[in-house]
Amino acid sequence: QVQLVESGGGLVQAGGSLRLSCAASGSIFKITTIGWYRQAPGKQRELVAAIRLGGSTNYANYADPVQGRFTISIDNAKNTVYLQMNSLKPEDTAVYYCNADVVLVTSPRHNYSYWGQGTQVTVSS
């Protein structure tokens, strides 16, 4: 019922930048939280950054390792979230997944969580 389509991953040298995009579509009444997680080989999936949509004010939070280097933003009209990643490090190499908590048009009393397919980010040293 909801699709999350990520784009923008790739290979970049250390110190470089990438911008990830995640477009949400489907039977969306509203998005309550949307953000990015990542999973490196042999490691657990971890939160990178997320936005909680609060009506007139959105609240963003970041994992400590990316604080000050990554910026999350949202285009509400397009249901699209972006992750601007600057000063990339080899340790940022991972598959990045978009996640959204969504209230559906068909089920307005519940939140449902959806994941995208993931996009590979590789940072070379």
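Criteria and thresholds
Residues numbered from 1 in each chain as written. Predicted model: local features only at pLDDT ≥ 70, side-chain atom pairs only at ≥ 80, totals over all residues. Heavy atoms only, no water. Helix = DSSP H or I, 4+ residues; strand = E, 2+ residues; numbered from the N terminus. Rg over C-alpha atoms; globule rule 2.2 N^0.38 Å. Contact = heavy atoms within 4.5 Å. Areas by Shrake-Rupley, 256 points an atom, 1.4 Å probe, with all protein chains shown as cover. Lys, Arg positive; Asp, Glu negative; His and termini not counted. Charge placed at Lys NZ, Arg CZ, Asp CG, Glu CD. Core = buried A, V, L, I, M, F, W, Y, C linked by side-chain atoms within 4.5 Å. Buried < 20%, exposed > 50% of the residue type's maximum accessible area, 1.4 Å probe, protein only. Pairing = 2+ DSSP bridges. Axes fitted to C-alpha atoms, helices over the stretch in contact; angles between N-to-C directions. Phe/Tyr/Trp six-rings, centres within 6.5 Å; stacked < 30°, edge-to-face > 60°. Lys NZ or Arg CZ within 6 Å of the ring centre and 35° of its normal.

### Brief notes about the overall build of the chain
And step 1. Tallying secondary structure elements over the chain gives zero helices and 11 strands in all.
And step 2. Sequence-ordered secondary structure for the chain, helices as α and strands as β, is β-β-β-β-β-β-β-β-β-β-β.
And step 3. Here the C-alpha atoms of the chain give a radius of gyration of 14 Å, agreeing with the 14 Å that 2.2 N^0.38 yields for 125 residues.
And step 4. For the chain, restricting intrachain contacts to residue pairs at least 6 apart in sequence, the fraction spanning at least 24 positions comes to 54%.
And step 5. Element-wise, carbon and sulfur atoms account for 47% of the exposed surface of the chain, whose accessible area totals about 6800 Å².
And step 6. With 10 positive and 7 negative side-chain charges, the chain shows a separation of 5 Å between the mean positions of the two kinds.

### Remarks on the nonpolar core
And step 1. Counting residues in each nonpolar core, the largest one holds 32 residues, and the members touching the most others are Trp-36, Leu-83, Met-85 and Tyr-96.
And step 2. Those elements that provide at least two residues to this core are β1 (2-7), β3 (18-26), β4 (28-39), β5 (46-54), β7 (70-75), β8 (80-85), β9 (94-104) and β11 (119-124).
And step 3. By residue number, the principal contributor to this core is β9, which donates six residues.

### Section: the sheet that holds β3
And step 1. Read from one edge of the open sheet, four strands run β1-β3-β8-β7, paired in antiparallel fashion. Since the sheet does not close on itself, it has two edges, and those belong to β1 and β7, each with one partner. Adjacent strand axes in the sheet meet at a mean angle of 15 degrees when their direction is disregarded.
And step 2. Examined bridge by bridge, β7 and β8 share six bridges and lie antiparallel to one another. Counted as the bridge partner of Ser-73 is Tyr-82 from β8.

### Section: the packing of aromatic side chains
And step 1. Summed over all chains, the structure comprises two aromatic pairs.
And step 2. With 6.5 Å between their ring centres and 85 degrees between their planes, Tyr-97 and Trp-115 make a pair best called edge-to-face. With a gap of 18 residues between them, Tyr-97 in strand β9 and Trp-115 in strand β10 (residues 107-115) connect regions that are remote in the sequence.
And step 3. Using a relative accessible area of 14% as the deciding quantity, one classes Tyr-97 as buried.
And step 4. Among the aromatic residues, those joined into a cluster by ring pairs are Tyr-37, Tyr-97 and Trp-115.
And step 5. Its end group placed over the ring of Tyr-97, Arg-45 keeps NZ or CZ at 3.7 Å from the ring centre.

### A word on the pairing of β4
And step 1. In terms of strand pairing, β4 meets β9 through 10 bridges, oriented antiparallel. Looking across to β9, one finds that Ile-28 is bridged to Leu-104.
And step 2. By the bridge criterion, six bridges tie β4 to β5 in an arrangement that is antiparallel. Bridge pairing in β5 links Trp-36 to Ala-49.
And step 3. Between β4 and β5, which pair antiparallel and follow one another directly, the connecting turn spans six residues, one of which, Gly-42, has a positive phi of 80 degrees.

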